[in-house]
Amino acid sequence: MSEGVEWALHSCVNLAWSGPDRAVSAARLAAWHDLPAAYLNKQLQALARAGIVTSAPGPRGGFRLARPLAAISLMDVVAAVEGPEEAFRCAEIRQQGPGRPERGAAAECAIAHAMTRAELAWRKALAAQDLDEIRQQAERQAPEAPERLRAWLAAQ
């Protein structure tokens, strides 16, 4: 999984903290964590295509959440940034070289089967957790974070 997923998740929480009436530019969101703005903008555009955030152009434009954090799962963000493809793709290497099975052995690859089960469990776990749960945990760990972000945004 790319670092873009982490950046996108933090950006969603930061957008929630910034308030529903404030659009925040990719450059400002990136500056909050000292990230490259152009790369973060790509992640935010992916979130916009997925309907997680909205974007408004112009000097006072930027990004806002398109729906409440409670309606955005971790899996929504992962799929938006990484795409819907499976993480593991079996190339059936067991069918090549001298180790290939005899004719007629067409059973599913045991490794592909195990990886598919593990990925399904991972996707279900991500789909079961919403970003509001993450926001709440972040606020328990750093109660001052939402106000610090709002003050920092207002000072610019």
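Reading the values: rules and limits
What you see as residue numbers is a count from 1 along each chain, following the sequence as written. Local features are withheld for residues below a pLDDT of 70 in this predicted model, meaning they are given only at 70 or higher, and side-chain atom pairs are given and counted only at 80 or more; totals for whole chains, interfaces and linings count all residues. No hydrogens and no water enter the side-chain calculation; it runs on all heavy atoms of the structure. Secondary structure elements follow DSSP: runs of H or I of four or more residues count as helices, runs of E of two or more count as strands, with numbering from the N terminus. Computation of the radius of gyration draws on C-alpha atoms, with the globule rule given as 2.2 Å multiplied by the number of residues to the power 0.38. Classification of residues uses two cut-offs on accessible area relative to the type maximum, computed with a 1.4 Å probe and protein chains only: under 20% is buried, over 50% is exposed, and between them is partly exposed. Contacts: residue pairs with any heavy atoms within 4.5 Å of one another. We get accessible surface area from the Shrake-Rupley algorithm with a probe of 1.4 Å; when it comes to residues, only the shown protein chains can shield them. Positive charges come from Lys and Arg, negative ones from Asp and Glu, while His and the chain ends are left out of the count. Note that the charge is assigned to NZ on lysines, CZ on arginines, CG on aspartates and CD on glutamates. What the arc describes is the spread of directions from the helix axis to the C-beta atoms. Throughout, nonpolar core names a set of buried Ala, Val, Leu, Ile, Met, Phe, Trp, Tyr and Cys residues whose side chains join them through atoms within 4.5 Å. Here a polar contact is taken to be a pair of N or O atoms separated by no more than 3.5 Å, where protein atoms must pair a possible hydrogen donor with a possible acceptor and residues adjacent in sequence count only if both atoms sit in side chains. By salt bridge we mean one thing: a side-chain nitrogen of Lys or Arg within 4 Å of a carboxyl oxygen of Asp or Glu.

A. Fine view of the overall build of the chain. For the chain, the count of helices and strands is seven helices and two strands. Its helices and strands taken in sequence order, the chain reads α-α-α-β-β-α-α-α-α from the N to the C terminus. In terms of C-alpha radius of gyration, the chain reaches 20 Å, well past the compact-globule figure of 15 Å for 156 residues. Expressed as lengths along the three principal axes of its C-alpha atoms, the size of the chain is roughly 70 × 30 × 25 Å. Taken over 156 residues, the chain has a buried fraction of 32%. Taking contacts inside the chain between residues at least 6 apart in sequence as the whole, the part at least 24 apart equals 69%. On the chain, roughly 9600 Å² of surface is accessible, and the fraction owed to carbon and sulfur atoms is 55%. In the chain, the 18 positive side-chain charges and the 18 negative ones have mean positions that sit 3 Å from each other.

B. Focus on helix α7 (residues 145-154). Where α7 is concerned, the buried positions are A145, P146, L149 and L153. The buried side chains of α7 occupy one side of the element, clustering within an arc of 100° when seen end-on. Buried positions along α7 lie against α1 (3-18), α2 (26-32) and α6 (131-141).

C. Highlighting the nonpolar core. One finds C12, L44, L47, I52, V77 and L131 to be the most contacted residues of the largest nonpolar core, which totals 31 residues. The leading source of residues in this core is α1, at eight residues. In this structure I52 touches C12, L47, L65, A66, R67, I72, D76, V77 and A80, once residues within four positions along its chain are discounted.

D. Structural view of the side chain of S73. For S73, the location among the structural elements is in the loop between β2 (62-65) and α4 (74-82). On the basis of relative accessible area, S73 is assigned to the buried category, the value being 10%. A polar side-chain atom of S73 sits 3.3 Å from the main-chain amide nitrogen of M75. Here S73 is in contact with L126, A127, Q129 and D130, once residues within four sequence places are set aside.

E. Summary view of the pattern of salt bridges. Counted according to the given criterion, the structure contains six salt bridges. Between R67 and D76 there is a salt bridge whose closest N-O contact spans 3.2 Å. Take D76: its relative accessible area is 28%, and that puts it in the partly exposed class.

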